[in-house]
Structures are given as C-alpha cells and as structure tokens.
Amino acid sequence: MFEQLAETGQRPKAMVVACVDSRVDPAVIFDAAPGQLVTVRNVANLVPPYAPDAASHGTSAALEFGVQVLEVTDLVVLGHGQCGGVHALLQGAPIIAGDFVGQWMSIAEPARVRAMRCESVEHRQRCCEEEVVKVSLTNLMTFPWIAERVARGVLRLHGAWFAIRTGELLVLQDGCFRAMATNAK
Ligand SMILES: [Zn+2]
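Every value quoted in this text rests on a predicted model; they were computed, and no experiment measured them.

Asker: I'm lost on the sheet that holds strand E3 (residues 74-80) in this one. Help?
Answerer: Paired through backbone hydrogen bonds, the strands of a sheet run either parallel or antiparallel to each other. Read from one edge of the open sheet, 6 strands run E2-E1-E3-E4-E5-E6, paired in mixed fashion. In this open sheet, the two edge strands, each paired with only one partner strand, are strand E2 (37-42) and strand E6 (176-179). Averaged over neighbouring strand pairs, the angle between their axes works out to 30° when direction is ignored. Relative to E3, strand E1 (residues 14-19) is paired through 4 bridges, and the arrangement is parallel. Along E3, the bridge assignment pairs valine 16 with valine 76. Contacts between helix H7 (residues 121-140) and the sheet are confined to E3, strand E4 (156-162), strand E5 (169-173) and E6, with E4 contributing the most and set at about 165° to the helix.

Asker: What's the story with the packing of helix H3 (residues 58-69) against helix H8 (residues 144-152) in this structure? I'm lost.
Answerer: The geometry of a pair of packed helices is captured by two quantities: the angle between their axes and the separation between those axes. Relative to each other, H3 and H8 sit at 35°, their axes nearing to 10 Å. When the axes of H3 and H8 are compared, the crossing they make is left-handed. In this structure, H3 uses Ser60, Leu63, Glu64, Val67 and Gln68 to contact H8, whose residues at the interface are Trp145, Ile146 and Arg149.

Asker: Would you take a moment to explain the side chain of aspartate 21 for this structure?
Answerer: Along the chain, the position of aspartate 21 falls in the loop between E1 and helix H2 (26-29). Using a relative accessible area of 13% as the deciding quantity, one classes aspartate 21 as buried. In terms of polar contacts, aspartate 21 uses its side chain to reach the side chain of arginine 23, at 2.7 Å. For aspartate 21, the contacting residues outside a window of four places in its chain are Arg41, His80, Gln82 and Ile164.

Asker: What exactly am I supposed to notice about the pattern of salt bridges here?
Answerer: For side chains bearing opposite charge, pairing can occur when the charged atoms are close. For the structure on display, the rule yields 8 salt bridges. Residues glutamate 130 and arginine 126 are paired through a salt bridge, measuring 2.9 Å at the closest nitrogen-oxygen approach. Of this pair, glutamate 130 and arginine 126 both sit in helix H7, separated by 4 residues, roughly a single helical turn. For glutamate 130, a relative accessible area of 17% corresponds to the buried category. Under the relative-accessibility criterion, arginine 126 is labelled partly exposed at 31%. In this structure, lysine 134 and glutamate 131 form a salt bridge, with 3.4 Å as the shortest nitrogen-oxygen distance. Of this pair, lysine 134 and glutamate 131 are both found in helix H7, 3 residues apart, which corresponds to roughly one turn of the helix.

Asker: Looking at this structure, I do not really get the packing of helix H4 (residues 84-91) against H7. What am I missing?
Answerer: Running from amino to carboxyl end, H4 crosses H7 at an angle of 110°, the nearest separation of the two axes being 10 Å. When the axes of H4 and H7 are compared, the pair comes out roughly perpendicular. Every pair of crossing elements has a handedness; the one defined by H4 and H7 is right-handed. Side by side, H4 and H7 meet where Val86, His87, Leu89 and Leu90 of the first sit next to Arg124, Gln125, Cys128, Glu129 and Val132 of the second. By residue class, the composition of the contact of H4 with H7 is 5 nonpolar, 2 polar and 2 charged.

Asker: Please clarify how the side chain of arginine 124 should be interpreted in this entry.
Answerer: For arginine 124, the position within the fold is in helix H7. Buried charge without a partner: arginine 124 forms no salt bridge, and the closest opposite charge is glutamate 119, 7.7 Å away. There is a polar contact of 3.1 Å between the side chain of arginine 124 and the backbone oxygen of cysteine 118. Within polar-contact distance, the side chain of arginine 124 engages the backbone oxygen of glutamate 119 at 3.3 Å.

Asker: What is the right way to look at the pairing of E4 in this model?
Answerer: In the case of a regular strand, side chains alternate between the two sheet surfaces. Sheet topology places E3 next to E4; 7 bridges connect them, and they run parallel. What sits directly across from histidine 80, in E4, is phenylalanine 162. In the sheet, E4 pairs with E5 via 3 bridges, with the strands oriented antiparallel. Across the sheet, residue tryptophan 161 finds its bridge partner in E5, namely leucine 170. Connecting the antiparallel pair E4 and E5 is a turn made up of 6 residues, with glycine 167 showing a positive phi of about 80°.

Calculation rules
Residues numbered from 1 in each chain as written. Predicted model: local features only at pLDDT ≥ 70, side-chain atom pairs only at ≥ 80, totals over all residues. Heavy atoms only, no water. Pairing = 2+ DSSP bridges. Helix = DSSP H or I, 4+ residues; strand = E, 2+ residues; numbered from the N terminus. Axes fitted to C-alpha atoms, helices over the stretch in contact; angles between N-to-C directions. Contact = heavy atoms within 4.5 Å. Left-handed = near helix turned anticlockwise from the far one by under 90°. Buried < 20%, exposed > 50% of the residue type's maximum accessible area, 1.4 Å probe, protein only. Polar contact = N/O pair within 3.5 Å; in protein donor to acceptor, adjacent residues only side chain to side chain. Salt bridge = Lys/Arg side-chain N within 4 Å of Asp/Glu carboxyl O. Parallel < 35°, antiparallel > 145°, perpendicular 65-115°, else oblique. Nonpolar A, V, L, I, M, F, W, Y, C, P; charged D, E, K, R; others polar. Lys, Arg positive; Asp, Glu negative; His and termini not counted.

In structure tokens:
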C-alpha cells in the first residue's frame, strides 16, 4: 500500500481538523486508510481567524496546503467529549501548560461565553465542546480561498463531535449536533 502511495502520490478528498487528544484519532474514527485523510490536530480542534501576518500559523498553513494544494472537497471540524483544552478554557489553563494553551484557547472565547449560559457544569463542558466546533467553522469562512470554494460549491464544511466513551459520532445539522444516519436498514 505504501509503495503504491509513494508511486502515485496522495489524492485525499477530505481534511479533518481534530484535537491532539490521543483517544481521538480521525483515521480510526472515520476508518480511513493512509492517503485518504489530510489531518491537522491541535489543542481543542481550533481554527484561528485568517491572519496572514508575520507570525507562524501551523493550523492555517495546514489548511492552505489541504485546501489550496490538495484541493480537498470536504473539510471536517471534529470536536470531542472530555476535551482537556475546553476544560482549560472553562477552568483556566493549568499552570504547567501556561506558556501557550491559555493564549491558544482564547481563540475559542466566543464559545466560552455561549457555554457559560449553561447552568450545570457538566452541560457547560459539552456545550462548550460543541460551540468550539462552531467557532472553528465560522473562522474557516474568514479564509478567502475557503469562502470562495464554499461559494462555488467545490468545498463543503462539516462539524462533528465524537463521544470517547460510547464511540458515538454526532454531526452538526441546522445548528444542532445529531446522531449520524447509519447505513443500517
Ligand atoms: Zn480535546
């Protein structure tokens, strides 16, 4: 398989923005073989707003490569349950991860504000995980070459949320995360 991939090059159709959480592996969740998924993973599956300045933007560079060079047709933001990044956002980043995590998670501040309206702490975490996916999708549309492709109908954006404990995968439809329709009939 790898010999063939080396020979023919990669032509993946989908890209996933996922969390660094070791339990949330997009290739495992989507049952994808090498060559099928472009993956960028960072703390809490965040997409920063488009900012072509002098700073080093790892996630934005990966998006540029996946969208502009590989021309993927589907782009998924995959959130998940028990997300430590989201926990840090809600509780304040732990001191040992104070150099970068807090600043990085500030991208998701709109999600935190919306989640704080939830009364129970447990629901707040889940709500914030879902809102983070929505923030990332909103930020994706600030990239001009993504917005342009979406408008042309050659790129589709998707939101999803994975429950580690049950293996359930919810898909964002009309503003709500719902169970995915299965192939079972
Ligand atoms: Zn996470």
